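# Summary of structural features
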Amino acid sequence: MTEPDIKKGLAGVVVDYTAISKVNPETNSLLYRGYPVQELAATQPFEAVAYLLWNGELPDAEQLAQLRLTERAHRAIPDDVRTTIDLVPLDAHPMDEVRTAVSLIGARDLAGTGSVLDASGSAEQNLERSIRLFAVLPAIVAYGQRRRRGLPPVAPRDDLDYAANFLWMTFGEEADEVVVDAFNRSMILYGEHSFNASTFTARVITSTLSDLYSAVVGAIGALKGPLHGGANEAVLHIFDEIGTADNVGPWLDQALAEKRKIMGFGHRVYKRGDSRVPTMKAALDTLVEHYDRPDVAALYDTLESEFVARKGIYPNLDYPSGPAYNLIGFDTETFTPLFVAARVTGWTAHIMEQLASNALIRPLSEYNGPDERHIDGYVADTAALAVADRAEEAAG
Ligand SMILES: CC(=O)SCCNC(=O)CCNC(=O)[C@H](O)C(C)(C)COP(=O)(O)OP(=O)(O)OC[C@H]1O[C@@H](n2cnc3c(N)ncnc32)[C@H](O)[C@@H]1OP(=O)(O)O
Ligand SMILES: O=C([O-])CC(=O)C(=O)O
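Residues numbered from 1 in each chain as written. Chains lettered and ligands numbered in written order. Predicted model: local features only at pLDDT ≥ 70, side-chain atom pairs only at ≥ 80, totals over all residues. Heavy atoms only, no water.

You'll find the chain entered in an unreviewed UniProt entry as Citrate synthase, with Microbacterium helvum given as the organism. Per its UniProt entry, the chain bears the Catalytic activity (unreviewed entry) comment "oxaloacetate + acetyl-CoA + H2O = citrate + CoA + H(+)". Listed in UniProt under the heading Sequence similarities (unreviewed entry), the comment for the chain reads: "Belongs to the citrate synthase family." (UniProt positions renumbered as here; feature names shortened; annotations may be inferred.)

Written as structure tokens, this is what we have:
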């Protein structure tokens, strides 16, 4: 018997086409609908990039104004969603809170829409649902951080763009331009990354013709893990453990001796560095300067250079974004929910792409459990045996 060629973790397996983004490990580049992500981060508001991911083209002035109008109209958390968030224990992880909120939003939105046969919705409905989720997620994330700090919610501001309003709702004060700019860039860089684990999860769920909200809830669950989105939070835990740049050497010796994974390093696709890191590192540098925190830069640089020198494994996007979000003032547990707020654009673009050319995603497995065996005293069901015999006959 020939051994099946199993690709553990689907490593290296190409499972479908996508026109949404191109990750190129050869050139360390990332394109969203053809545009290099660095160019988008340097020139666009996140709303325009969301439009690009969903529609395939950047918006003109009128299209952007229209999207902003809709986004602003759906920024506030509905009262029953806020009440439900309040039921989530304060010491639960905020990813559980965000997942619960999206689940309720989905149930409300789909209530009365009919049987499961209608679940997947039309392209138009799914675009509207995507925009509404994109619009409300910042308020959910901001409210989560504030409620854990014992602070009242802050209402959204119609006169602020997405990034500035997100920071306003979180901190209750207008952020400086340099902070808004760094945050906007991080959202763009986190927006989309082809068939990563959470996006693939969303596509698997969508492929059964389930609904967009179920797919996003599943994707949130996949993103929470520390091997994926949870790593941005994990980077800060590592920074806290190490303390200062002087401790990096001994800390790393011990961590590697214990065979620990160093969070924020390594990537399934990029093996010579993540295309997004230089842009996010530049944004982190502006924050280091703005907040006058050279100690953060020293720790960052020392851990990076020591780990690369020892293992030849490079940082991924979570490495610079973790300390950047920390400097802005987000609590460590809020980092992965920020990733959700950004990646909902990519997830929903993929959900719509999957539906437009769907095939149920159902791979095969090779059984390696016990050989066939039987329950003592079981008397075979003759009807079932007859079916099995017929199947054997038909198979020749
Ligand atoms: C936005 C994102 O989601 S980016 C990813 C965020 N995740 C992280 O930062 C978590 C830390 N990184 C990792 O765990 C891995 O690099 C992954 C999961 C991201 C990619 O993993 P894979 O492609 O499956 O590679 P794999 O885990 O097999 O690593 C290959 C080798 O490099 C080692 N390695 C990879 N990353 C790390 C790391 N961060 N620290 C220590 N060793 C590492 C592995 O131990 C393995 O060594 P071995 O061959 O001696 O067993
Ligand atoms: O592509 C991946 O596997 C993980 C990643 O970097 C992302 O989702 O942004």
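Right, picking up where we left off after that structure.
What follows covers the site of ligand 2. As a matter of local geometry, ligand 2 sits amid His193, Asn196, His228, His267, Arg276 and Arg343. At a separation of 2.7 Å, an oxygen atom of ligand 2 approaches a polar side-chain atom of arginine 276. Contact between ligand 2 and arginine 343: an oxygen atom at 2.7 Å from a side-chain N or O atom of the residue. When ligand 2 is considered free in solution it has 270 Å² of accessible area, and contact with the protein chains removes 83% of it. Grouping the amino acids of the shell around ligand 2 by side-chain chemistry returns no nonpolar, 4 polar and 2 charged. (Near = heavy atom within 4 Å. Polar contact = N/O pair within 3.5 Å; in protein donor to acceptor, adjacent residues only side chain to side chain. Areas by Shrake-Rupley, 256 points an atom, 1.4 Å probe, with all protein chains shown as cover. Nonpolar A, V, L, I, M, F, W, Y, C, P; charged D, E, K, R; others polar.)

For the rest of this paragraph, the subject is the pairing of strand β2 (residues 29–32). With burial as the criterion, only one face of β2 is covered, namely that bearing Leu30 and Tyr32; the residues Ser29 and Leu31 on the opposite face remain uncovered. Judged from the 4 bridges that link them, strand β1 (residues 21–24) and β2 form a sheet pairing that is antiparallel. By the bridge assignment, asparagine 24 is partnered in β2 with serine 29. A loop of 4 residues connects β1 with β2, the two strands running antiparallel in sequence, and asparagine 28 in this loop sits at a positive phi of about 50 degrees. Examined bridge by bridge, β2 and strand β3 (residues 35–36) share 2 bridges and lie antiparallel to one another. Paired with tyrosine 32 across the strands is tyrosine 35, a residue of β3. The loop that links β2 with its antiparallel partner β3 comprises 2 residues; one of these, arginine 33, has a positive phi angle of about 50 degrees. (Buried < 20%, exposed > 50% of the residue type's maximum accessible area, 1.4 Å probe, protein only. Helix = DSSP H or I, 4+ residues; strand = E, 2+ residues; numbered from the N terminus. Pairing = 2+ DSSP bridges.)

Moving on, we get to the sheet that holds β2. Here 3 strands make up an open sheet; going across it, the order is β1-β2-β3 and the pairing antiparallel. Looking at the sheet topology across the chains shown, the edges are occupied by β1 and β3.

Here the focus is helix α6 (residues 123–148). Over its 26 residues, α6 extends 37 Å from the first C-alpha to the last, a length consistent with the 38 Å expected when each residue adds 1.5 Å. The sharpest bend along α6 measures roughly 30 degrees and falls at valine 136, with the proline proline 138 sitting one to four residues further on. Following α6 by one or two positions, glycine 150 has its phi on the positive side, about 75 degrees. (Expected span 1.5 Å × (residues − 1). Bend = angle between axes of the 7 residues up to and from the residue.)

Another point: unusual backbone geometry. Positive phi, normally seen in glycine, also occurs at asparagine 28, with a value near 50 degrees. Within the secondary structure layout, asparagine 28 lies in the loop between β1 and β2. Within the chain, aspartate 292 stands out as a residue other than glycine whose phi angle is a positive 55 degrees. Looking at where aspartate 292 falls in the secondary structure, it is placed in the loop between α13 (277–291) and α14 (294–311). Judged by its relative accessible area of 59%, aspartate 292 falls in the exposed class.

With respect to the helices, strands and loops of the structure, arginine 72 is situated in helix α3 (residues 61–73). A distance of 3.5 Å separates a polar side-chain atom of arginine 72 from the backbone oxygen of leucine 160. In this structure the side chain of arginine 72 is engaged in a polar contact, spanning 2.8 Å, whose partner is the side chain of aspartate 161. Not counting the four nearest positions on each side in its chain, arginine 72 is found in contact with Asp158, Asp159, Leu160 and Asp161. (Contact = heavy atoms within 4.5 Å.)

Each aromatic ring pair is described using two quantities: the centre-to-centre distance and the angle formed by the ring planes. Within the structure shown, the criterion is met by 18 aromatic pairs. Taking the centre distance of 4.6 Å and the plane angle of 50 degrees together, the rings of phenylalanine 265 and tyrosine 319 count as tilted. Highlighted residues: phenylalanine 265 in the loop between α12 (248–257) and α13 and tyrosine 319 in helix α15 (residues 318–328), separated in sequence by 54 residues. The residues phenylalanine 265 and tyrosine 319 share a single accessibility class, namely buried. (Phe/Tyr/Trp six-rings, centres within 6.5 Å; stacked < 30°, edge-to-face > 60°.)

Turning our eyes to something else, we now look at the site of ligand 1. Taken together, the neighbourhood of ligand 1 is formed by 19 residues, with His228, Ile262, Gly264, Phe265 and Asn316 sitting nearest. Between phenylalanine 265 and ligand 1, the recorded distance is 2.8 Å, taken from a backbone N or O atom to a nitrogen atom. Lysine 271 places a polar side-chain atom, nitrogen or oxygen, 3.2 Å from an oxygen atom of ligand 1. Against a free-state accessible area of 910 Å², the protein chains account for coverage of 67% of ligand 1. Here the residues of the shell around ligand 1 are counted per class, giving 9 nonpolar, 5 polar and 5 charged.

The subject of this paragraph is the environment of tyrosine 32. Looking at where tyrosine 32 falls in the secondary structure, it is placed in strand β2. Taking relative accessible area as the criterion, tyrosine 32 reaches 0% and is therefore assigned buried. Counting along the chain gives 159 residues from tyrosine 32 to glycine 191, while the straight-line C-alpha distance between them is 9.3 Å.

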